[in-house]
Amino acid sequence: SQQGEEDPQALSIQEGENATMNCSYKTSINNLQWYRQNSGRGLVHLILIRSNEREKHSGRLRVTLDTSKKSSSLLITASRAADTASYFCATALGLIQGAQKLVFGQGTRLTINP
Amino acid sequence: DGGITQSPKYLFRKEGQNVTLSCEQNLNHDAMYWYRQDPGQGLRLIYYSQIVNDFQKGDIAEGYSVSREKKESFPLTVTSAQKNPTAFYLCASSIDRRGNEQFFGPGTRLTVL
């Protein structure tokens, strides 16, 4: 099964509402990152939260991390039509020679209805 | 403009053919990565390189090969040994070798006919 699993798989809300997506993982991590992907495009890095951090903000984004529950959440406040995209969590796992591997979940497809 | 470019955007291949996907970055990043994305799925790591002339296998390296002769370039060859190559391929780079905050190219969609 996936290291990172997002929930829900799909979310549809009205413009102006808040959107919350969750990510669960299985092993110890160095950090957890959230990315956005518009349909058929590359991914865009949104925010990184380190394993010793509990909450982080960036504009309308709020990310929480609970290492005891091995879970994270991404909150987008005051959603806009332009927020329509797939959102992926990626857990950073240590590799040899100081490298890290990002393990991506399957993503949450968010649709903002006008 | 600084960024990562991938070419071509769409690629069609006949069974049994090798094809090479291009990835170039002018961000002066040390580390580069290749991922595969299947419909409705997350990304899986194929190969990564932390520095010129060095690269490591990721989770699904079988049937793929790479080279890193220049810092700016990290081409991926999909060989005939890859049994199910139809997918969306994404190249990424990061300023540090730990791979935090990766910047992605626009992707290449490969279809095997």
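Keep in mind that this is a model prediction, so the values were computed, not measured.

Draft legend 1. The arrangement of unusual backbone geometry in detail. Geometrically, the link from aspartate 7 of chain A to proline 8 of chain A is a cis peptide bond, its omega value of 0 degrees lying close to zero. Residue placement: proline 8 of chain A occurs in the loop between β1 (4-7) and β2 (10-14). The phi dihedral of alanine 78 of chain A is positive, around 45 degrees, even though this residue is not glycine. By the secondary structure assignment, alanine 78 of chain A is in the loop between β8 (71-76) and β9 (85-94). Residue class for alanine 78 of chain A comes out partly exposed when judged on its relative accessible area of 39%. For asparagine 28 of chain B, which is not a glycine, the phi torsion comes out positive at approximately 60 degrees.

Draft legend 2. Local environment of the state of the cysteines. All names here are of chain A. Tallied over the full model, the rule gives two disulfides over all chains. Two residues, cysteine 23 and cysteine 89, share a disulfide whose sulfurs are 2.0 Å apart. Across the S-S bond linking cysteine 23 and cysteine 89, the dihedral sits near 65 degrees, which makes this disulfide right-handed. Taken together, the residues cysteine 23 in strand β3 (residues 19-25) and cysteine 89 in strand β9 connect sequence positions 66 residues apart.

Draft legend 3. Examining the nonpolar core more closely. The biggest cluster of nonpolar side chains holds 23 residues, and the ones touching the most others in it are Leu32, Trp34, Leu74, Ile76, Tyr87 and Leu110 of chain A. Where this core is concerned, the elements lending two or more residues are β3, β4 (31-37), β5 (43-50), β7 (61-66), β8, β9 and β11 (108-113) of chain A. In terms of nonpolar packing, the next biggest core, distinct from the first, is built from 20 residues, Val19, Cys23, Ala61 and Cys91 of chain B among them.

Calculation criteria
- Residues numbered from 1 in each chain as written.
- Chains lettered and ligands numbered in written order.
- Predicted model: local features only at pLDDT ≥ 70, side-chain atom pairs only at ≥ 80, totals over all residues.
- Heavy atoms only, no water.
- Helix = DSSP H or I, 4+ residues; strand = E, 2+ residues; numbered from the N terminus.
- Buried < 20%, exposed > 50% of the residue type's maximum accessible area, 1.4 Å probe, protein only.
- Disulfide = S-S within 2.5 Å.
- Core = buried A, V, L, I, M, F, W, Y, C linked by side-chain atoms within 4.5 Å.

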